[in-house]
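Structure at a glance
Each chain, written out:
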Amino acid sequence: MTATAPNTPAEIAELLAFYASTGVDEALEDIPINRFAEASRPKQSERAPAPVAPAHENRPQERPSLALRGDQSRAAGQQTASPGLDASKVPDAPARTVAAAVPDEAQAALARQIAARASTLEELRQHMATFDGCNLKATAKNLVFADGNPEAAVMLVGEAPGRDEDIEGLPFVGRSGQLLDRMLAAIGLDRTSVYIANVIPWRPPGNRTPTPHETEICRPFIERQIELVNPKVLVNLGGPSAKTLLNTSEGILRLRGNWRVHTTASGIAIPAMPTLHPAYLLRTPAHKKLAWRDFLEVKAKLRALP
Ligand code: URA
């Protein structure tokens, strides 16, 4: 392959084959760009010249607001009830000023109301399917609601769907899901005896880490889902699930293996075991023994149930 851009059909085919073989499956950038804001900004040639700052000075300021841009473009594009997001009203604001958190707060509040209204899992699924307040929905193929048995004593919660889960609309069906199935089998469980969901029900584009705003918007849904399933034991797969649902900022390597409590909105205390995410275990197989210990704890807890 040459270092220059491919020109001929054969070169383009070669490049696409390379992308496919390395798992590149999205024609998106890592960080969403607010095209609405860009369109409403005067062109560079029309603006007063800006003072030139070294690149390293610009980056930290731009980064945090860029992480919000997807939400802003979604709100501007769909004209939701989020006045602060109307990009046309802030034609040339510096990136930091454009990054108003209010609309995401509004979406999180809406998610809380909607989630609280659901009195069954099916109602919750329907409410989530019609909720447009999370920008991740715009790029996802499917809502990944849950798999398994809603009557199960054990509920496992991961972070967010990946490519395979997005295609099938089911959590943990890719490589990490296959490892999870083997881990469950090792303690005598399978998808008929557990219920599985994610903190985030829509795949983040390119499998990027969900932003804190996206997590806050989705949090009421998973919290209500846990409340409706009302499992005897919760298993947090990975740091993001543990941090979001156990209200802690501790790292997963410290958290794992120790029983914690997830308290539902109605005050029910559910024992929770934070453990390592199967995707992490695929990358760090030496730590499988730690996850094994955690799963044995879960097995012992289930045995001890009345
Ligand atoms: N990783 C997760 O956290 N959830 C899935 O559903 C798949 C991979």
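Predicted model, so just to flag it, every value in this text is computed and none were measured. (Residues numbered from 1 in each chain as written. Predicted model: local features only at pLDDT ≥ 70, side-chain atom pairs only at ≥ 80, totals over all residues. Heavy atoms only, no water.)

What follows concerns the overall build of the protein chain. For the protein chain, the helix and strand inventory stands at 14 helices and six strands. Here the protein chain holds 306 residues, and 41% of them are scored as buried. For the protein chain, the computed accessible surface area is about 16,200 Å², with 54% contributed by carbon and sulfur atoms. (Helix = DSSP H or I, 4+ residues; strand = E, 2+ residues; numbered from the N terminus. Buried < 20%, exposed > 50% of the residue type's maximum accessible area, 1.4 Å probe, protein only. Areas by Shrake-Rupley, 256 points an atom, 1.4 Å probe, with all protein chains shown as cover.)

Attention shifts here to the site of the ligand. Close contacts around the ligand come from Gly158, Glu159, Ala160, Pro161, Glu165, Pro171, Phe172, Ser176, Asn198 and His277, and that covers them all. The backbone of Phe172 places a nitrogen or oxygen atom 2.9 Å from an oxygen atom of the ligand. Out of a free accessible area of 240 Å², the ligand has 93% covered by protein chains. (Near = heavy atom within 4 Å. Polar contact = N/O pair within 3.5 Å; in protein donor to acceptor, adjacent residues only side chain to side chain.)

This next bit is on helix α9 (residues 175-186). The end-to-end C-alpha separation of α9 is 17 Å, in line with the 16 Å expected for twelve residues at 1.5 Å each. Ser176, Gly177, Leu179, Leu180, Met183 and Leu184 are the residues of α9 that are buried. Mapping the buried residues of α9 onto a view down its axis gives an arc of 160°, with all of them on the same face. For α9, the exposed residues set more than 90 degrees away from the buried face come down to Arg175, Arg182 and Ala185. Here the buried face of α9 lies against β2 (154-158), β3 (194-198), β4 (233-237), α13 (278-283) and α14 (288-303). Looking at the residues trailing α9, positive phi occurs at Gly188, about 80°. (Expected span 1.5 Å × (residues − 1). Arc of directions from axis to C-beta. Contact = heavy atoms within 4.5 Å.)

Turning to the pairing of β4, a few remarks are in order. Of all five residues making up β4, five are buried, and the element is well covered by its neighbours. The alternating pattern of β4 places Val233, Val235 and Leu237 on one face and Leu234 and Asn236 on the opposite face, and all of these are buried. When β2 meets β4, the two strands line up parallel, connected through four bridges. Among the inter-strand pairings, Val157 is bridged to a residue of β4, identified as Asn236. (Pairing = 2+ DSSP bridges.)

With that out of the way, let us pick up the confidence of the model for the protein chain. When pLDDT is averaged across the protein chain, the result is 80; 70% of the residues are at 70 or more. Contacts for the low-pLDDT stretch residues 42-101, under 50 throughout, to residues beyond four places or in other chains number 65 contacts. (pLDDT = per-residue confidence, 0-100.)

Turning next to the sheet that holds β2. In any sheet, the strands associate via hydrogen bonds between backbone groups, in a parallel or an antiparallel arrangement. If you walk across this open sheet you meet the six strands as β1-β3-β2-β4-β6-β5, and the pairing is mixed. Each edge of the open sheet carries a strand with a single partner, namely β1 (147-148) and β5 (260-263).

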